[in-house]
Amino acid sequence: MLRIQGLKKSFGNVEVLKGVDLELQKGEILVIVGPSGGGKTTLLRSINYLEKCDAGTIAIDGKYLIRDGVYASKGELKEIRRTIGMVFQGFNLFPHMSVIDNIIEAPIRVFGKNRDEALVEAREILRFLGLTDKENSYPFELSGGQKQRVAIGRALALEPKLMCFDEPTSALDPALTDEVAKVIKSLSVKGMSMLIITHDMEFAKKVADRIVSIDKGVIIDEHMYESGTGE
Amino acid sequence: MNGIIGFLEYFKMLMPQVMDGLLVTLQIFGLTLILSIPLGVIIALGRLSKLKVLNVITGAYILIMRGTPLLLQIVFIFFGLPLIGVTLDRLPAALFAFTLNYGAYFAEIFRAGIRSIDIGQYEGAGVLGLSPRDTFFRIIFPQALKRVLPPVGNEVVTLIKDTALVYILGLDELLKIGKIATNRDATLLPLVIIAIVYLALTYVLSEIMTRFEKKYDYYK
Ligand SMILES: Nc1ncnc2c1ncn2[C@@H]1O[C@H](COP(=O)(O)OP(=O)(O)O)[C@@H](O)[C@H]1O
Ligand SMILES: [Mg+2]
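Participant: Teacher, can you tell me more about the overall build of chain B here?
Facilitator: Across its full length, chain B holds 8 helices and 0 strands. From first element to last, N terminus to C terminus, chain B shows the α and β order α-α-α-α-α-α-α-α. Across its three principal directions, the C-alpha atoms of chain B cover 75 × 50 × 20 Å. By residue count, 43% of the 220 residues in chain B fall in the buried class. Of the contacts formed within chain B by residues at least 6 apart in sequence, a portion of 74% connects residues at least 24 apart. If you sum the accessible surface of chain B, you get close to 11900 Å²; carbon and sulfur atoms cover 70% of it. Here chain B contributes 20 positive and 15 negative side-chain charges, whose respective centroids are spaced 6 Å apart.

Participant: Can you help me understand the overall build of chain A in this one?
Facilitator: In terms of helices and strands, chain A carries 7 helices and 11 strands. Relative to the 2.2 N^0.38 estimate, which gives 17 Å for 231 residues, the radius of gyration of chain A is 17 Å and therefore close to what a compact globule would have. Taken over the C-alpha atoms alone, chain A extends approximately 45 × 45 × 30 Å along its principal axes. Counting the 231 residues in chain A, one finds 55% classified as buried. With an accessible surface of roughly 10100 Å², chain A has 47% of that area assigned to carbon and sulfur atoms. In chain A, the 31 positive side-chain charges and the 33 negative ones have mean positions that sit 4 Å from each other.

Participant: Please clarify how empty space enclosed by the protein should be interpreted in this entry.
Facilitator: Empty space among the atoms can be located by rolling a probe the size of a water molecule over them. Scanning the entire structure with this criterion turns up 2 cavities of 30 Å³ or more. Taken as a whole, the largest cavity holds about 90 Å³ of empty space. A:Gly145, A:Gln148, A:Arg149, A:Ile152, A:Leu172, A:Leu176, A:Glu179, A:Val180 and A:Val183 together form the lining of the largest cavity. Taken together, the elements giving at least two residues each to the lining of the largest cavity come down to helix 5 (144-156) and helix 6 (177-189) of chain A. Of all the elements, helix 5 of chain A adds the most residues to the lining of the largest cavity, at 4 residues. Considering only residue class, the lining of the largest cavity consists of 5 nonpolar, 2 polar and 2 charged. One number sums up the size of the second largest cavity: a volume of about 50 Å³. Of all elements in the fold, only strand 7 (84-87) and helix 5 of chain A together with helix 5 (119-127) of chain B reach the threshold of two or more residues within the lining of the second largest cavity. Here the lining of the second largest cavity is built from residues that sort into 7 nonpolar, 2 polar and 1 charged.

Participant: Honestly, the packing of helix 3 (residues 70-80) of chain B against helix 4 (residues 90-115) of chain B in this entry has me stumped. Any pointers?
Facilitator: Each pair of packed helices can be summarised by the angle the axes make with each other and by the distance between the axes. Residues and elements named next belong to chain B. It is at 9 Å that the axes of helix 3 and helix 4 come closest, and there the two elements cross at 135 degrees. Classified by the interaxial angle, the pair formed by helix 3 and helix 4 is oblique. You can see that helix 3 and helix 4 cross each other, and the crossing is right-handed. Contacts between helix 3 and helix 4 pair Leu70, Gln73, Ile74, Ile77 and Phe78 from the former with Arg90, Ala93, Phe96, Ala97, Phe98, Leu100, Asn101 and Tyr102 from the latter. For the contact of helix 3 with helix 4, the residue count by class is 10 nonpolar, 2 polar and 1 charged.

Participant: Would you mind going over the sheet that holds strand 1 (residues 2-11) of chain A with me for this structure?
Facilitator: Strand pairs in the sheet, formed through backbone hydrogen bonds, run parallel or antiparallel to each other. All names here are of chain A. The strand order across the open sheet formed by 5 strands is 2-1-4-5-6, and the pairing between neighbours is antiparallel. Each edge of the open sheet carries a strand with a single partner, namely strand 2 (14-24) and strand 6 (70-71). Relative to strand 6, strand 5 (residues 63-67) is paired through 2 bridges, and the arrangement is antiparallel. Residue pairing in the sheet places Arg67 in a bridge with Val70 of strand 6. In the packing of helix 1 (residues 40-47) onto the sheet, contacts are made with strand 1, strand 2, strand 4 (55-60) and strand 5, and the angle to strand 1 comes to roughly 115 degrees. Packing against the sheet, helix 2 (residues 74-82) makes contact with strand 4, strand 5 and strand 6, and its axis sits at approximately 120 degrees to strand 5.

Participant: Which parts of the structure should I look at to understand the side chain of A:Lys113?
Facilitator: Residues and elements named next belong to chain A. As for its position among the elements, Lys113 is in the loop between helix 3 (99-109) and helix 4 (115-128). On the accessibility criterion, Lys113 (17% relative accessible area) is buried. In this structure Lys113 touches Pro107, Ile108 and Glu121, once residues within four positions along its chain are discounted.

Participant: Just checking my understanding: could you explain unusual backbone geometry for this structure?
Facilitator: Backbone geometry follows two general trends: most residues other than glycine have a negative phi, and most peptide bonds adopt the trans configuration. Residue and element names in this part refer to chain A. Backbone geometry at Glu159 places phi at a positive 45 degrees, although glycine is not the residue there. Along the chain, Glu159 falls in the loop between helix 5 and strand 8 (162-166). Judged by relative accessible area, which is 58%, Glu159 ranks as exposed. Here Glu167, not a glycine, exhibits a phi torsion of approximately 45 degrees, which is positive. Structurally, Glu167 is set in the loop between strand 8 and helix 6. For Glu167, a relative accessible area of 8% gives the class buried.

Participant: Help me understand a nonpolar patch on the surface, please; the structure alone is not making it clear to me.
Facilitator: Among the surface-exposed residues, B:Tyr203, B:Val204, B:Ile208 and B:Phe212 lie close enough to one another that they form a single nonpolar patch of about 390 Å² accessible area. Tracing the backbone through its elements, the reader meets B:Tyr203 in helix 8 (residues 189-215).

Participant: Whenever I open this one, the confidence of the model for chain B confuses me. Can you help?
Facilitator: Detail in the predicted coordinates should be disregarded across regions flagged by low pLDDT. Counting all residues, the mean pLDDT for chain B is 92, and 99% of those residues have values of 70 or more. In the predicted complex, the global pTM is 0.88; the interface-specific ipTM is 0.91.

So, how was this worked out
Residues numbered from 1 in each chain as written. Chains lettered and ligands numbered in written order. Predicted model: local features only at pLDDT ≥ 70, side-chain atom pairs only at ≥ 80, totals over all residues. Heavy atoms only, no water. Helix = DSSP H or I, 4+ residues; strand = E, 2+ residues; numbered from the N terminus. Buried < 20%, exposed > 50% of the residue type's maximum accessible area, 1.4 Å probe, protein only. Contact = heavy atoms within 4.5 Å. Areas by Shrake-Rupley, 256 points an atom, 1.4 Å probe, with all protein chains shown as cover. Lys, Arg positive; Asp, Glu negative; His and termini not counted. Charge placed at Lys NZ, Arg CZ, Asp CG, Glu CD. Rg over C-alpha atoms; globule rule 2.2 N^0.38 Å. 1 Å grid on protein atoms, 1.4 Å probe; cavity = no way out; pocket = protein on both sides within 12 Å on 5 of 7 lines; lining within 4 Å. Points joined across faces, edges and corners; volume = space filled by probe spheres on them. Nonpolar A, V, L, I, M, F, W, Y, C, P; charged D, E, K, R; others polar. Axes fitted to C-alpha atoms, helices over the stretch in contact; angles between N-to-C directions. Parallel < 35°, antiparallel > 145°, perpendicular 65-115°, else oblique. Left-handed = near helix turned anticlockwise from the far one by under 90°. Pairing = 2+ DSSP bridges. Patch = residues over 30% accessible without salt bridge, like charges linked within 9 Å, V, L, I, M, F, W, Y side chains within 5 Å. Salt bridge = Lys/Arg side-chain N within 4 Å of Asp/Glu carboxyl O. pLDDT = per-residue confidence, 0-100.

In structure tokens form, the structure reads like this:
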């Protein structure tokens, strides 16, 4: 589903990713843990083409985003990005749009769906996320957990094959982490692959099929957490 | 008592002329707004563009327009352009000068407004696959619009007062009507009357701008 090989990325002369290798199967929930500044966010952003890497390969569902340091064409990039959903740490919801408008924006503008069709699907997503009564609310009226679910819903509307989460528990009440874990698990049951980065070891154990650890720009150990040094 | 009645009588007598002047003033005001706001958006995009050429050109434009008096610009366009073979009537010349000048001020306001939108909004739109065009017009610009409303409101109120500058071209707007009546009737009352008209105009415009701002209060 996702294959990363020898991925390198520098900011100026600081090398943040020093040859990352990673594989993710269809329907798998992979959690990447690691200390702050270890390069977790940079890796996730690279997969979403929000950062440009210097070397290496990223393949998503058999299509190369970057192959041995060479990026795909503009058109291919667009196609590939459609297959990935991203839930940002700060959510990046559109504050001037209601919850439902946040969700239907991309289906209408990107997939060319008509409004009615998009609305039906968006309401389905809201029901799944338990947000039916928030359809017409604006982001500023929502709690952190609700905002996160809208962000998940917005990404889901594009029916991605891979969903990425940056620190999904950072804005949440500890009591709410179980709920996110539940949502993430139910999505993977549907065959969606999940890539989650966090420094919250408890949450990682709760949600993951597999945990790897990243530090100083390389994946260091596949079972780091079992020896208790993951956090 | 007599004074007030006399004032009211005089006011009534002068009314038709004041109305004519008001019409010209509003015409310059309205047309300038309609033309200079889109111009301001375009210049702002030039300022924000990655293309160095566009940056330099729009930067120089803004520097000149904001760095010299509007009155001087009006005089230049009406009296100066004929020297290089471009002759404009008084009203088009006034509109041209006002649009160029206000376009520069609006450009700076819009530039700051667009720049103030968080990069996360671009990235959120990017991962959803929105085109750069949709990202700008659907996500960035509407949010920038809310933020620029207060400074745009200031400019709008300033513009209605600045229209008095076209007096230099002899257009029959409010100020000229007042000045003529003052000379003709040997009284300062006409100037008091047009001052009241300006005051009423700026009050109404401020109220309208406040309404606009309230309309955007639906989100934070
Ligand atoms: N845009 C950037 N410019 C320069 N340095 C950056 C930038 N983004 C991240 N970094 C640096 O890269 C390193 C890894 O950051 P990040 O990927 O955010 O780590 P994590 O998410 O694991 O905390 C840090 O040292 C950070 O300072
Ligand atoms: Mg991070």
